[in-house]
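Examining the three-dimensional arrangement
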Amino acid sequence: VVTFLSVLAFDVAVGLGIGVGFSIVILLYTVSNPSYAVIGRFPKIPWLFKDLNRYTEAHHVPGCLLFRFDSALHFANGENFRKNLLNA
């Protein structure tokens, strides 16, 4: 949508440049701020693990913190990973 509107407002080359720049900004934001969840086990289905905040049927595994980080771990989101893990 951003590229389409930019091409209509400006020129094809400028609109494509704005679209590529916008895509890179969105990519960097989503990579540096991924979602995470503390997951637990369902009592009736022992192999099923789900987010404890979304599923009230799920329970903590005794003696273990199960933390799901929905991104690759690298320099851009390392501090975010550490902060979220310590707060979990």
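Look a little higher up for the structure.
In globular proteins that are soluble, nonpolar side chains generally tend to be buried together. Counting residues in hydrophobic clusters, the biggest one holds 6 residues: V38, F42, L52, A58, F67 and F69. Contact partners of F67, with chain neighbours within four places excluded, come to Y36, A37, V38, F81, N84, L85 and A88.

A separate point is the sheet that holds strand 2 (residues 49-51). Strand order in the open sheet made by the 3 strands is 2-1-3, with antiparallel pairing throughout. Two strands in the sheet have a free side with no partner beyond their single neighbour: strand 2 and strand 3 (66-69). Along the sheet, successive strands turn relative to each other by an average axial angle of 40°, direction set aside. Bridge count for strand 1 (residues 36-41) against strand 3 is 4 bridges, and the pairing is antiparallel. Its bridge partner lying in strand 3, Y36 is registered against F69.

Looking now at the packing of aromatic side chains. With the rule as written, the count across this model stands at 5 aromatic pairs. Relative to Y55, the ring of F42 has its centre 6.0 Å away and its plane inclined at 65°; by these criteria the two rings are edge-to-face. Here Y55 lies in the loop between strand 2 and strand 3 and F42 lies in the loop between strand 1 and strand 2, a separation of 13 residues in the sequence.

Another point: the pattern of salt bridges. Within the structure shown, the criterion is met by 2 salt bridges. Between D70 and R68 there is a salt bridge, with its nearest N and O atoms 3.0 Å apart. One salt bridge in this structure joins R82 and E79, with 3.4 Å as the shortest N-O distance. Of this pair, R82 and E79 both sit in helix 3 (residues 78-87), 3 residues apart, which is roughly one turn of the helix. Look at E79 and you get exposed, because its relative accessible area is 53%.

The next subject is the packing of helix 1 (residues 2-9) against helix 2 (residues 12-32). Viewed as axis vectors pointing N to C, helix 1 and helix 2 meet at an angle of 155°, and their least axial separation amounts to 7 Å. In terms of axis orientation, helix 1 runs roughly antiparallel to helix 2. Helix-helix and strand crossings are classified by hand; for helix 1 and helix 2 the assignment is right-handed. Seen from helix 1, the contacting residues are V2, T3, S6 and V7; seen from helix 2, they are V12, G15, L16, I18, G19 and F22. Within the contact of helix 1 with helix 2, the residues separate by chemical class into 6 nonpolar, 4 polar and no charged.

Rules behind the numbers
- Residues numbered from 1 in each chain as written.
- Predicted model: local features only at pLDDT ≥ 70, side-chain atom pairs only at ≥ 80, totals over all residues.
- Heavy atoms only, no water.
- Core = buried A, V, L, I, M, F, W, Y, C linked by side-chain atoms within 4.5 Å.
- Buried < 20%, exposed > 50% of the residue type's maximum accessible area, 1.4 Å probe, protein only.
- Contact = heavy atoms within 4.5 Å.
- Pairing = 2+ DSSP bridges.
- Helix = DSSP H or I, 4+ residues; strand = E, 2+ residues; numbered from the N terminus.
- Axes fitted to C-alpha atoms, helices over the stretch in contact; angles between N-to-C directions.
- Phe/Tyr/Trp six-rings, centres within 6.5 Å; stacked < 30°, edge-to-face > 60°.
- Salt bridge = Lys/Arg side-chain N within 4 Å of Asp/Glu carboxyl O.
- Parallel < 35°, antiparallel > 145°, perpendicular 65-115°, else oblique.
- Left-handed = near helix turned anticlockwise from the far one by under 90°.
- Nonpolar A, V, L, I, M, F, W, Y, C, P; charged D, E, K, R; others polar.

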